[in-house]
Amino acid sequence: MPLALIVRDAVTDRLGANPIEQITHRTGDWTIRLLLASLAVTPLRRLTGWNGVIRYRRTIGLLAFTYVCLHFLIYLVLDQGFPLQGFAIAYVVEDIAKRPYITVGFTAFLLLIPIAWTSTKGWIRRLGRRWTTLHQMVYVAAALGVLHYLWLIKGDRPTAVYYGLVLVGLLVTRVPHLRRTASPRPAPTQAAPTEPVTALASSAPEAH
């Protein structure tokens, strides 16, 4: 729906005096919104007990990755002129390295690629516990995305600050869970009989 609205506004000339900037900002906004929404799924489940919400986490995360890909393509095609204006990869690399907010945003984009690639059940089985470690990098990507936005707008809009506060709130909700995970468990006084362990195909380790 957000993409359809962008297309409609582009066709009907509603993007203002700088349409490229508008499209860039709107795809970036929806990237961060969807990323934060995916991170909010697990805290929402813990707070409300609504286990069914967990099934939407992967879909929301992949939608966020879709919008960040669009965001990056707009930078390449509309801003840098690929492939119409003698595009040179060296110039793009120089631009990414020269402007800190692009460096930060590009780093966030690179972090999201392996997270999206390994979001299937097959990769969960292949990676085991490493899958959880890898997907916890989404918090780093989200923080870099917020920093990228804050650097880009230079404080002209408070939206980036709101995104940052939401991210901090989501991180705070994880503190009790991390403490319980890190606390040592007492050793059992009596060995319990062993039983076969059956893995649920529909369950996945919680990365966020």
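Further up the page is the structure itself.
These lines cover the structure that appears in this document, whether it is placed above or below. (Residues numbered from 1 in each chain as written. Predicted model: local features only at pLDDT ≥ 70, side-chain atom pairs only at ≥ 80, totals over all residues. Heavy atoms only, no water.)

**A short note on the overall build of the chain**
Convention followed: The secondary structure listing takes helices from DSSP runs of H or I that are at least 4 residues long and strands from runs of E that are at least 2 residues long, numbered from the N terminus. Relative accessibility decides the category of a residue: with a 1.4 Å probe and only protein chains considered, values under 20% of the type maximum give buried, values over 50% give exposed, and everything between is partly exposed. Whether two residues are in contact is decided by their heavy atoms: any pair within 4.5 Å suffices. Method for areas: the Shrake-Rupley scheme with a 1.4 Å probe, in which residue coverage is limited to the protein chains shown.
Looking only at helices and strands, one finds nine helices and zero strands in the chain. Ordered by position from the N terminus, the helices and strands of the chain form the series α-α-α-α-α-α-α-α-α. Looking at the chain as a whole, 35% of its 208 residues are labelled buried. Within the chain, counting contacts between residues at least 6 apart in sequence, those at least 24 apart form 64% of the total. Put simply, the chain shows about 13,500 Å² of open surface, and 66% of that area lies on carbon and sulfur atoms.

**Side note on a nonpolar patch on the surface**
Definition in use: Every patch collects residues that have over 30% relative accessible area and no salt bridge, joining them within 9 Å if they carry like charges and within 5 Å if they are nonpolar side chains (Val, Leu, Ile, Met, Phe, Trp, Tyr). By salt bridge we mean one thing: a side-chain nitrogen of Lys or Arg within 4 Å of a carboxyl oxygen of Asp or Glu.
Side chains of L147, L150, W151, V161, Y162 and L165 sit close together on the surface and give an oily, nonpolar patch of about 590 Å² of accessible area. For the nonpolar patch, the secondary structure elements donating two or more residues are α8 (138-153) and α9 (159-182). Looking at the element boundaries, L147 is found in helix α8. A relative accessible area of 37% places L147 in the partly exposed class.

**A closer look at the nonpolar core**
We apply this condition: Think of a nonpolar core as a cluster: buried Ala, Val, Leu, Ile, Met, Phe, Trp, Tyr and Cys residues, connected wherever their side-chain atoms sit within 4.5 Å.
In this structure, L39, L112, V138 and L167 are the most contacted members of the largest nonpolar core, which totals 24 residues. Of all the secondary structure elements, the ones that give two or more residues to this core are α2 (19-48), α3 (57-79), α5 (100-117), α8 and α9. Counting residues per element, this core draws most heavily on α8, at seven residues. Ignoring sequence-local partners within four residues, the contact set of L167 consists of L36, L39, Y139, A142, A143 and V146. One finds Y75, L76, I96 and Y101 within the second-largest nonpolar core, a separate group that totals six residues.

**Thoughts on the packing of aromatic side chains**
Geometrically, a pair of aromatic rings is defined through the distance of the ring centres and the angle of the planes. As a reminder of what qualifies: The criterion for an aromatic pair is that two Phe, Tyr or Trp rings (for Trp, the six-membered ring) have centres within 6.5 Å, with stacked assigned to planes under 30 degrees apart, edge-to-face to planes over 60 apart and tilted to the rest. Both a distance and an angle decide whether a charge sits over a ring: NZ of Lys or CZ of Arg must be within 6 Å of the ring centre and within 35 degrees of the ring normal.
Under the definition given, this model contains six aromatic pairs. With a centroid separation of 6.4 Å and 10° between ring planes, the pair formed by F65 and F109 is classed as stacked. Taken together, the residues span a long stretch of sequence, with F65 in helix α3 and F109 in helix α5 at a distance of 44 residues. The burial state of F65 is the same as that of F109; both residues are buried. Taken together, a centroid distance of 5.6 Å and an interplanar angle of 40° make the contact between F72 and F106 tilted. Within this pair, whereas F72 is found in helix α3, its partner F106 is found in helix α5, the two being separated by 34 residues in sequence. Taken together, the ring pairs in this structure connect F65, F72, Y75, F106 and F109 into an aromatic cluster. When the ring centre of W30 is taken as reference, the NZ or CZ atom of R33 above it lies at 4.9 Å. Residue placement shows R126 over the ring face of W123; its charged tip is 4.9 Å from the ring centre.

**Some thoughts on the packing of helix α4 (residues 89-98) against α5**
Helices that pack against each other are described as a pair by the angle of their axes relative to one another and the distance between those axes. Here is the rule: Orientation is described by axes fitted as lines to C-alpha atoms, over the contacting stretch for helices, and by angles from 0 to 180 degrees between their N-to-C directions. Relative orientations are named as follows: roughly parallel for angles under 35 degrees, roughly antiparallel for angles over 145 degrees, roughly perpendicular for angles from 65 to 115 degrees, and oblique for any other angle. We call Asp, Glu, Lys and Arg charged. Ala, Val, Leu, Ile, Met, Phe, Trp, Tyr, Cys and Pro are nonpolar, and the rest, Gly among them, are polar.
Where α4 contacts α5, the axes come no closer than 5 Å and their chain directions differ by 105°. The angle between the axes of α4 and α5 places the two elements in the roughly perpendicular class. Together, D95, I96, A97 and K98 of α4 and P100, I102, T103 and F106 of α5 make up the contact between the two elements. Looking at the contact of α4 with α5 residue by residue, the classes come out as five nonpolar, one polar and two charged.

**Looking at α4**
This is how the line gets drawn: Comment: arc refers to directions from the helix axis out to C-beta atoms.
For α4, the complete set of buried residues consists of V92, D95 and I96. End-on view of α4: buried residues confined to an arc of 100°, all on one side of the axis. Projecting away from the buried face of α4 at angles above 90 degrees are the exposed residues A90, A97 and K98. Lining the buried residues of α4 we find α3 and α5.

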